[in-house]
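Listed here are the chains, written in short residue letters.
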Amino acid sequence: MSHILPPIGRRGLMLVMSSPSGAGKTTISRALLQRDSAISMSVSATTRAPRPGEVDGRDYYFVSVERFQRMVEAGEFLEHARVFDNYYGTPRAPVEAVLSRGGDVLFDIDWQGTQQLRQSARADLVSVFVLPPSVEELERRLHTRAQDAAEVVAKRMAKAGDEMSHWPEYDYIVVNVEVEASIASVQGILTAERLRRERQVGMHDFVTRLRGLE
Ligand code: 5GP
């Protein structure tokens, strides 16, 4: 006799992670993507220049301001915002494709984008804000990343306070003291959110069969 559970239909979720630059969000999301095959990353479009090592189509779609504007006008973005001196946006079609087949999507977007998603897709949204353990540690992480010019680092530090003031708008807050512990926290959030009754859209049929009513 088999004890393997038949698949129970589940509605995909949108996991948003926001933080000031340097809080460790990228490290946490990379680990999550590697360890969990049911979640995939939303690749944003941006008008900023690629950093060394960044790959077009993997890290971002690097586009011109003109192309970005055309995409906005054509309604191709789920959300978009100006961050620092550049534009960033989430292409709509790939996200909808993943969600409709019951997969989850991970977003690395700022508070402005999160507000837009909250308005358009509250039921599917799970938002996590990642904070650094101290301002000294934030500055140290921004410097050791060493990909940005000194004035860019200074600008990002100045912006960090503004960004962090949005923490009360998020469902979950993770203070990233130790990266493995933070990864485990986000995995825990994901596990619990996937089990929410509203997301288990196949549960009605499953219980009907369990009760022998079919
Ligand atoms: P970076 O230039 O360091 O890659 O990203 C700068 C900021 O832009 C980060 O806070 C990141 O979360 C945010 N960001 C990246 N992609 C998007 C996007 O598609 N939409 C919004 N609203 N923010 C984004």
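Below, the structure is looked at part by part. What you see is a predicted model, and the numbers here were worked out from it, not measured in a lab. (Residues numbered from 1 in each chain as written. Predicted model: local features only at pLDDT ≥ 70, side-chain atom pairs only at ≥ 80, totals over all residues. Heavy atoms only, no water.)

## Examining the overall build of the protein chain
- Along the backbone of the protein chain there are eight helices and nine strands.
- Dimensions of the protein chain, computed from the C-alpha atoms along their principal axes, are close to 65 × 40 × 30 Å.
- Put simply, 70% of the contacts in the protein chain that link residues at least 6 apart link residues at least 24 apart.
- Counting only carbon and sulfur atoms, one obtains 54% of the accessible surface of the protein chain, whose full area is about 11800 Å².
- Taking the average location of the 27 positive side-chain charges in the protein chain and that of its 29 negative ones, the two points are 3 Å from each other. (Helix = DSSP H or I, 4+ residues; strand = E, 2+ residues; numbered from the N terminus. Contact = heavy atoms within 4.5 Å. Areas by Shrake-Rupley, 256 points an atom, 1.4 Å probe, with all protein chains shown as cover. Lys, Arg positive; Asp, Glu negative; His and termini not counted. Charge placed at Lys NZ, Arg CZ, Asp CG, Glu CD.)

## Structural notes on the site of the ligand
- Lining the immediate environment of the ligand, one finds 17 residues, of which Ser44, Arg48, Tyr60, Tyr88 and Asp108 sit closest.
- A distance of 2.6 Å is found between an oxygen atom of the ligand and a side-chain nitrogen or oxygen belonging to arginine 48.
- Note that a nitrogen atom of the ligand is positioned 2.8 Å from one of the side-chain N or O atoms of aspartate 110.
- Expressed as a share of its isolated accessible area of 510 Å², the protein-covered part of the ligand is 95%.
- Put simply, the parts of the chain that give the shell around the ligand at least two residues each are β5 (77–83) and β6 (86–91). (Near = heavy atom within 4 Å. Polar contact = N/O pair within 3.5 Å; in protein donor to acceptor, adjacent residues only side chain to side chain.)

## Observations regarding a nonpolar patch on the surface
- Taken together, the side chains of Trp167, Ile173, Val175 and Val177 make up a nonpolar region of the molecular surface, amounting to roughly 380 Å² of accessible area.
- Relative to the assigned elements, tryptophan 167 resides in the loop between α6 (150–164) and β9 (172–175). (Patch = residues over 30% accessible without salt bridge, like charges linked within 9 Å, V, L, I, M, F, W, Y side chains within 5 Å. Salt bridge = Lys/Arg side-chain N within 4 Å of Asp/Glu carboxyl O.)

## Description of the packing of aromatic side chains
- Applying the stated criterion to the full structure yields five aromatic pairs.
- Geometrically, the ring pair formed by tyrosine 60 and tyrosine 88 is tilted, given 5.8 Å between the ring centres and 55° between the ring planes. Taken as a pair, tyrosine 60 in the loop between β3 (45–46) and β4 (61–62) and tyrosine 88 in strand β6 lie far apart in primary sequence, 28 residues in all. With respect to class, tyrosine 60 is no different from tyrosine 88; both count as buried.
- An aromatic cluster of three or more residues is present, and its members are Tyr60, Phe62 and Tyr88. (Phe/Tyr/Trp six-rings, centres within 6.5 Å; stacked < 30°, edge-to-face > 60°. Buried < 20%, exposed > 50% of the residue type's maximum accessible area, 1.4 Å probe, protein only.)

## A short note on the side chain of glutamate 163
- Relative to the assigned elements, glutamate 163 resides in helix α6.
- For glutamate 163, which is buried and forms no salt bridge, the nearest opposite charge comes from lysine 25, at a distance of 6.2 Å.
- Setting aside residues up to four positions removed in sequence, glutamate 163 forms contacts with Ser18, Ser19, Pro20, Asp110, Trp111 and Phe129.

## Remarks on the pattern of salt bridges
- Under the definition given, this model contains 17 salt bridges.
- In this structure, aspartate 85 engages lysine 155 in a salt bridge whose closest nitrogen and oxygen atoms are separated by 2.6 Å. Taken together, the positions of aspartate 85 in the loop between β5 and β6 and lysine 155 in helix α6 put the pair 70 residues apart, joining distant regions of the chain.
- Overall, lysine 155 belongs to the partly exposed group, its relative accessible area being 41%.
- Residue arginine 194 is joined to aspartate 104 by a salt bridge in which the shortest nitrogen-to-oxygen separation is 2.7 Å. Highlighted residues: arginine 194 in helix α7 (residues 179–194) and aspartate 104 in strand β7 (residues 104–108), separated in sequence by 90 residues.
- Residue class for aspartate 104 comes out buried when judged on its relative accessible area of 0%.
- Three or more residues are tied together by salt bridges with common partners; here these are Arg10, Asp36, Asp104 and Arg194.

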